[in-house]
Structures are given as structure tokens and as C-alpha cells.
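Chain residues, written in single-letter form:
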Amino acid sequence: MDPEILSRLNNYIQKKGMRRTAQREVIVEAAFASDDHFTSEELWNKAKKIDPKTSRATVYRTISLMVECGLLKEIDLGRDERVYDPNFIDAPDHNHLICVDCSKVIEFQDENAATLIDCMTRRLGFRPSSKSMRIEACCDKLRSEGFCESLIEMRLGKKD
Ligand SMILES: [Zn+2]
Ligand SMILES: [Zn+2]
């Protein structure tokens, strides 16, 4: 994990008059250990692997802090649970393609898309504050070959 992430959070926490805690740092470490999106429940499970004593309430509070200070973003994947994305620090304008067949989420960046969003927004008299878009799409592989690994994984209930 980039040490810059932790120091950004710690600066923010300090400004709020809160203290640094080891438990919070475990949660931040778990959140940024990979580029996987996660729900609060999933983050709790990851953090417990580092420190089994991690409490669920602290996970919830730490997620809020990370969102407030801009380290983490809540993204809308069209599911009825909140999903958090740790990848906006490295890629502030990245987009998501979500497969409606297998729910696989693909992240991508495209300069033309960013320019287009910029132009459209300015034409309407605004300035974009975030340029992320979500595309829902059908799986080509499923159509042509009748199966898709992600779909099989999803049916088996496997995650990660
Ligand atoms: Zn993402
Ligand atoms: Zn698929």
C-alpha cells in the first residue's frame, strides 16, 4: 500500500481532533491491499484476516472517514448493496462496465470518453466534478460460446 494513503487519512483524522488507532490502520491496509471493489462486510472479512479482533463498527466508521477524505468512493453497480472502490486515487476518471449476464465488473479508462463528458458538461453550462461512467453490457462470450467463466463462478457463489 502507498504510505501516502495512510498519511492522507491521518492528516484528516487529526484535523477532526481524532486519534490514530492501530485498528483503523489495519482496515485501511485491508482496503488498499488490492484493487478489488468491496462491500463493508467484505472489508470486515479482509481486515479480520490481518487482525481477528477488528470490530464491524470500526470498519463502518473507517469507511465513512475514507469516503469523506476522498480516498474511497462509493460506486453504483446497480446492486442493492453499497460497494466501495479503492482505485480512484490512481485513476480518478476510470469507468465501469458491468456485465448484466455475469455481473463481472471491468474497469477501463479512455481519454476520448473523458473529453466527450467534459465537452457535453460544459455545453450544458457546468463543469464536471467527476467523470466516471457506468456501462451495462451483455457478455459476448456467453452469446457466442454459450458459457462464460464469470457466470459459472457467480453461480458457484465464488468471489475473488
Ligand atoms: Zn473502479
Ligand atoms: Zn460474462
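See the structure above.
Because the structure is predicted, anything quoted here is derived from the model rather than measured.

**Q** If you had to explain the pairing of strand β3 (residues 95–99) to someone new, which residues and values would you point to?
**A** Of all 5 residues in β3, 4 are buried, a share of seventy percent or more. Direction of pairing for β3 relative to strand β4 (residues 105–108): antiparallel, over a ladder of 4 bridges. By the bridge assignment, Ile98 is partnered in β4 with Val105. Connecting β3 to the antiparallel partner β4 that follows it, the hairpin turn spans 5 residues, and Ser103 within it adopts a positive phi of roughly 65°. Bridge count between β3 and strand β5 (residues 134–137): 4 bridges; the pairing is parallel. Counterpart to Ile98 in the pairing with β5 is Glu136.

**Q** Outline the packing of aromatic side chains, supporting the account with residue identities and numerical values.
**A** Enumeration over the complete set of coordinates arrives at 1 aromatic pair. The ring of Trp44 is capped by Lys48, whose NZ or CZ atom sits 3.6 Å from the centre of that ring. Across the ring face of Phe88, the terminal group of Lys73 is positioned such that the distance to the ring centre comes to 4.6 Å.

**Q** So what about the environment of Ala114? Which residues, and what values?
**A** Secondary-structure assignment places Ala114 in helix α5 (residues 111–123). The buried category is assigned to Ala114, whose relative accessible area is 16%. C-alpha separation for the pair Ala114 and Asp101, spaced 13 residues apart in sequence, amounts to 27 Å. Beyond its immediate stretch of four places on either side in the chain, Ala114 contacts Asp93 and Lys131.

The rules we used
- Residues numbered from 1 in each chain as written.
- Chains lettered and ligands numbered in written order.
- Predicted model: local features only at pLDDT ≥ 70, side-chain atom pairs only at ≥ 80, totals over all residues.
- Heavy atoms only, no water.
- Buried < 20%, exposed > 50% of the residue type's maximum accessible area, 1.4 Å probe, protein only.
- Helix = DSSP H or I, 4+ residues; strand = E, 2+ residues; numbered from the N terminus.
- Pairing = 2+ DSSP bridges.
- Phe/Tyr/Trp six-rings, centres within 6.5 Å; stacked < 30°, edge-to-face > 60°.
- Lys NZ or Arg CZ within 6 Å of the ring centre and 35° of its normal.
- Contact = heavy atoms within 4.5 Å.

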